[in-house]
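# Structure at a glance
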Amino acid sequence: MVTLNINGRDMQVEADPATPILWALRDNLNMTGTKFGCGAALCGACTVHLGGQPIRSCITPISAAVGQKITTIEAMESDKVGKAVQDAWVRHDVPQCGYCQSGQVMSATALLRTNKAPTDADIDNAMAGNICRCGTYQRIRAAIKDAAKTLA
C-alpha cells in the first residue's frame, strides 16, 4: 500500500511501487482525466504536476511521488491558473478531438505559474513534447496568451 497526495488529498494505492503514476490514477483510483497516449513520455497526453512541475505520468513510478504532491486535470477547475487556462481553451475553441488536451492544459498551467507573460519561444519551450494530432497549435498558443492576460 502506497500513500499518494493527489489534488490535496492523501489516497491509498494498492500497487507495486514501480507502477507508473498514470496507471495508479486511472486503474486504482478511477481518475480518468489523465490520458494514456504513447507510454514512452513522447506525446504529453499523460502530463500531471509532481511537486508543481509537469511530468509524464506514464513513465514516472508511484515510488517517485511518495511525499510529494500530484496534481491532475481534475483539480484545474478549482485552481486560479488552471481555471484561466481552461476558460481560454474554451474561448479559443482549442480542442478538436480533445484527447491530448488534459496534458496540454497541465503543461500550459505549469508555464503560467512561473511565467506570467510568456513569449512565443517560452510557449514553444514549455509545450514541447505535447503533441496534438489535430494540429491545434496556433489555438493553443493564442489561448495561453489569453490566459496570461486574464491572470495579469
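Read on for an overview of the structure. (Residues numbered from 1 in each chain as written. Predicted model: local features only at pLDDT ≥ 70, side-chain atom pairs only at ≥ 80, totals over all residues. Heavy atoms only, no water.)

## A word on the nonpolar core
Rules: What is meant by a nonpolar core is a set of buried Ala, Val, Leu, Ile, Met, Phe, Trp, Tyr and Cys residues, joined one to another through side-chain atoms within 4.5 Å. Categorising residues by exposure relies on relative accessible area from a 1.4 Å probe, with only protein chains included: less than 20% of the type maximum marks a residue as buried, more than 50% marks it as exposed, and the intermediate range marks it as partly exposed. Helix and strand assignments come from DSSP, with helices taken as H or I runs of at least 4 residues and strands as E runs of at least 2, each series counted from the N terminus. It only takes one pair of heavy atoms within 4.5 Å for two residues to be counted as in contact.
Val85, Trp89, Leu112 and Ile144 are the most contacted members of the largest nonpolar core, which totals 21 residues. Going through the elements one at a time, helix H2 (80-91), helix H3 (101-114), helix H4 (120-127) and helix H5 (137-151) are the ones with two or more residues in this core. A per-element tally of this core places H5 first, with 6 residues. Apart from residues lying up to four places away in sequence, Val85 is in contact with Val105, Ala108, Thr109, Leu112 and Ala147.

## Notes on the pairing of strand S3 (residues 47-50)
What counts is decided by this rule: Criterion used throughout: strands pair if DSSP finds at least two bridges between them.
In S3, alternate side chains face the same way, and those of Thr47 and His49 on one face and Val48 and Leu50 on the other are all buried. With antiparallel pairing between neighbouring strands as the criterion, S3 and strand S4 (residues 53-56) make up a hairpin whose turn holds 2 residues, including Gly51 at a positive phi of roughly 60 degrees. Both S3 and strand S5 (residues 69-71) contribute to a ladder of 2 bridges, which runs antiparallel. Counted as the bridge partner of His49 is Thr71 from S5.

## Quick notes on H5
Heads up, the rule is: For a helix, the expected span equals 1.5 Å multiplied by the number of residues minus one.
Over its 15 residues, H5 extends 21 Å from the first C-alpha to the last, a length consistent with the 21 Å expected when each residue adds 1.5 Å. Among all positions in H5, only Ile140, Arg141, Ala143, Ile144, Asp146, Ala147, Ala148 and Leu151 are buried. Contact partners of the buried residues in H5: H2, H3 and H4.

## Brief notes about the packing of aromatic side chains
For clarity, the cut-off: Between 30 and 60 degrees the pair is tilted, below 30 it is stacked and above 60 it is edge-to-face, where a pair is any two Phe, Tyr or Trp rings, Trp via its six-membered ring, whose centres lie within 6.5 Å.
All chains considered together, the criterion is met by 1 aromatic pair. When the centroid spacing of 5.3 Å and the interplanar angle of 40 degrees are considered together, the rings of Trp23 and Phe36 count as tilted. Of this pair, Trp23 sits in helix H1 (residues 21-28) while Phe36 sits in the loop between H1 and S3, and the two are 13 residues apart along the sequence. Its relative accessible area of 28% is what places Trp23 among the partly exposed residues. Overall, Phe36 belongs to the partly exposed group, its relative accessible area being 33%.

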